[in-house]
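For reference, the chains in residue letters:
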Amino acid sequence: MRTGWTWGLRIVGGIVGLAVIAWGTVWGWTEAIMSRNHSATAETVRAASSPQQINVGKRLSAVFGCPDCHGPGLQGEVFVDEANVARVHAPNLTLAAQRFNDAQLAQSIRQGVRPDGRALFAMPSEMYVHLRDDELAAVLGYLRSLPVGGAVTPPIEWRTLGRVALFAGEFESAPVLVAKARIKQPFAAAEHARGRHTALTACSECHGPDLGGLPGPFGSSGTPDLAIAAAYDIDAFRRLMRTGIARGDRELGLMSVVARSRFSQLTDDEVDALHAYLNARVEALQRPAAAK
């Protein structure tokens, strides 16, 4: 009887010990990921100063989704709070604008690297890497024009499943995603350069660097290939982008929310150019199949 209990305790102790070792490995690895130093290219963009440029920056900040994560007035707020995954506060950008210079802010936005060299997480720099200098300058000018307020926000609180996902590569840092975005590019054609630029700077956060869609974490459903846009004629597409209402008067979940908060700020020309580009992309994707 004692022998049975002894072996039982040894087995339980062994399991607990393995669990402790496994968790220690996950913890140590994820801490190393978060503390890793990333090299960054020197940024030379300077904040715009004219009222006209600052107004452009205000519109672009809405298109790029800055208030969706950083809150009204960009003073920071919780935008992710998933039980056992993570609690993420978007930083207070009005305070960041006081603390960092233009080059440091540009580096954080476009490269996903903090001024101290550490990586940002949950920052869509893989989309912002495509910003032109004039666009980034306008956004920086708008940011510096905002009244300073609010408090410093805390760092990301990684919880158990979040650390496991980070360890498993399900969550990737901003500079890692930027590097992938620079390699994985969508269809390009000179006559559709404007629409392609809008797609890269407004759509790629959710639909991937090549606009082919992204899988959800741990095999969950993700986002579709933007070839789906070919199902919309120009009038239906304009309605979707302005109101979030899809064909058949349907709501499309996050897409409808994003359309109303972000894409409604696109100009008519930008919407039309985006539609033309997405249709041209579909035609280009279908050519190899047609050739067979």
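Thresholds applied
Residues numbered from 1 in each chain as written. Predicted model: local features only at pLDDT ≥ 70, side-chain atom pairs only at ≥ 80, totals over all residues. Heavy atoms only, no water. Salt bridge = Lys/Arg side-chain N within 4 Å of Asp/Glu carboxyl O. Helix = DSSP H or I, 4+ residues; strand = E, 2+ residues; numbered from the N terminus. Buried < 20%, exposed > 50% of the residue type's maximum accessible area, 1.4 Å probe, protein only. Core = buried A, V, L, I, M, F, W, Y, C linked by side-chain atoms within 4.5 Å. Contact = heavy atoms within 4.5 Å. Pairing = 2+ DSSP bridges. Phe/Tyr/Trp six-rings, centres within 6.5 Å; stacked < 30°, edge-to-face > 60°. Lys NZ or Arg CZ within 6 Å of the ring centre and 35° of its normal. Patch = residues over 30% accessible without salt bridge, like charges linked within 9 Å, V, L, I, M, F, W, Y side chains within 5 Å. Areas by Shrake-Rupley, 256 points an atom, 1.4 Å probe, with all protein chains shown as cover.

**Q** Please give an account of the pattern of salt bridges that cites residues and values.
**A** A pair can form between side chains of opposite charge whenever their charged atoms are brought close. A complete count under the given rule lists 21 salt bridges for this structure. Its salt-bridge partner being Arg110, residue Glu43 comes within 2.7 Å of it at the nearest N-O pair. Residue Glu43 is located in the loop between helix 1 (2–35) and helix 2 (51–63), and its partner Arg110 is located in helix 5 (residues 102–111); the two are separated by 67 residues in the primary sequence. For Arg132, the salt bridge goes to Glu135, with nearest N and O atoms at 3.5 Å. By relative accessible area, Arg132 is classed as partly exposed at 41%. Residue class for Glu135 comes out buried when judged on its relative accessible area of 7%. Residues joined in a network through salt bridges with shared partners are Asp81, Arg87, Glu157 and Arg159.

**Q** Summarise the nonpolar core; cite the residues concerned and give the values.
**A** Core analysis: the biggest nonpolar cluster contains 46 residues, and Phe64, Phe237 and Leu278 have the highest contact counts within it. Element by element, the count of residues in this core is highest for helix 7 (residues 133–145), at 6 residues. Once you skip the residues sitting within four places of it in the chain, Leu278 turns out to touch Leu211, Leu226, Ala229 and Phe237. Residues Ala86, Phe121, Trp158 and Leu166 belong to the second largest nonpolar core, which totals 7 residues.

**Q** Describe in detail the pairing of strand 2 (residues 86–90), supporting the description with residues and values.
**A** The two faces of a sheet get side chains in turn, since along a regular strand they alternate between them. Of all the 5 residues making up strand 2, 4 are buried; the element is thus mostly covered by neighbouring parts of the structure. Examined bridge by bridge, strand 1 (residues 77–82) and strand 2 share 5 bridges and lie antiparallel to one another. Bridging across to strand 2, Val80 finds its partner in Val88. Strand direction decides the pairing type here: strand 2 and strand 3 (residues 157–158), joined by 2 bridges, are antiparallel. Each bridged residue has a counterpart across the sheet, and for Arg87 the counterpart in strand 3 is Glu157.

**Q** Please provide a residue-by-residue account of the packing of aromatic side chains, values included.
**A** The tally for this structure, following the rule as stated, stands at 5 aromatic pairs. Ring geometry for Phe187 against Tyr277: centres 6.0 Å apart, planes inclined by 15 degrees, an arrangement best described as stacked. Of this pair, Phe187 sits in the loop between helix 9 (174–183) and helix 10 (193–202) while Tyr277 sits in helix 14 (residues 268–291); the two residues are 90 residues apart in sequence, bridging distant segments of the chain. Given the relative accessible area of 24%, Phe187 is considered partly exposed. Within the aromatic cluster, the residues linked to one another by ring pairs are Phe121, Trp158 and Phe171. Positioned above the aromatic ring of Tyr232, the side-chain terminus of Arg247 is 5.5 Å from the ring centre.

**Q** Could you give me a rundown of a nonpolar patch on the surface, with the residues and numbers involved?
**A** A contiguous nonpolar patch, built from Trp23, Trp27 and Val164 and spanning about 260 Å² of accessible area, is present on the exposed surface. Topologically, Trp27 is positioned in helix 1. Residue classification places Trp27 among the partly exposed residues on the basis of a relative accessible area of 41%.

**Q** Please provide a residue-by-residue account of the sheet that holds strand 1, values included.
**A** Overall, antiparallel pairing links the 3 strands, which are arranged 1-2-3 in an open sheet. Looking at the sheet topology across the chains shown, the edges are occupied by strand 1 and strand 3.

**Q** Hey, could you go over helix 10 for me, with residue numbers and the actual values?
**A** Of all 10 residues making up helix 10, 8 are buried, and the element is well covered by its neighbours. Along helix 10, the positions that sit buried rather than exposed are Gly195, Arg196, His197, Thr198, Ala199, Leu200, Thr201 and Ala202.

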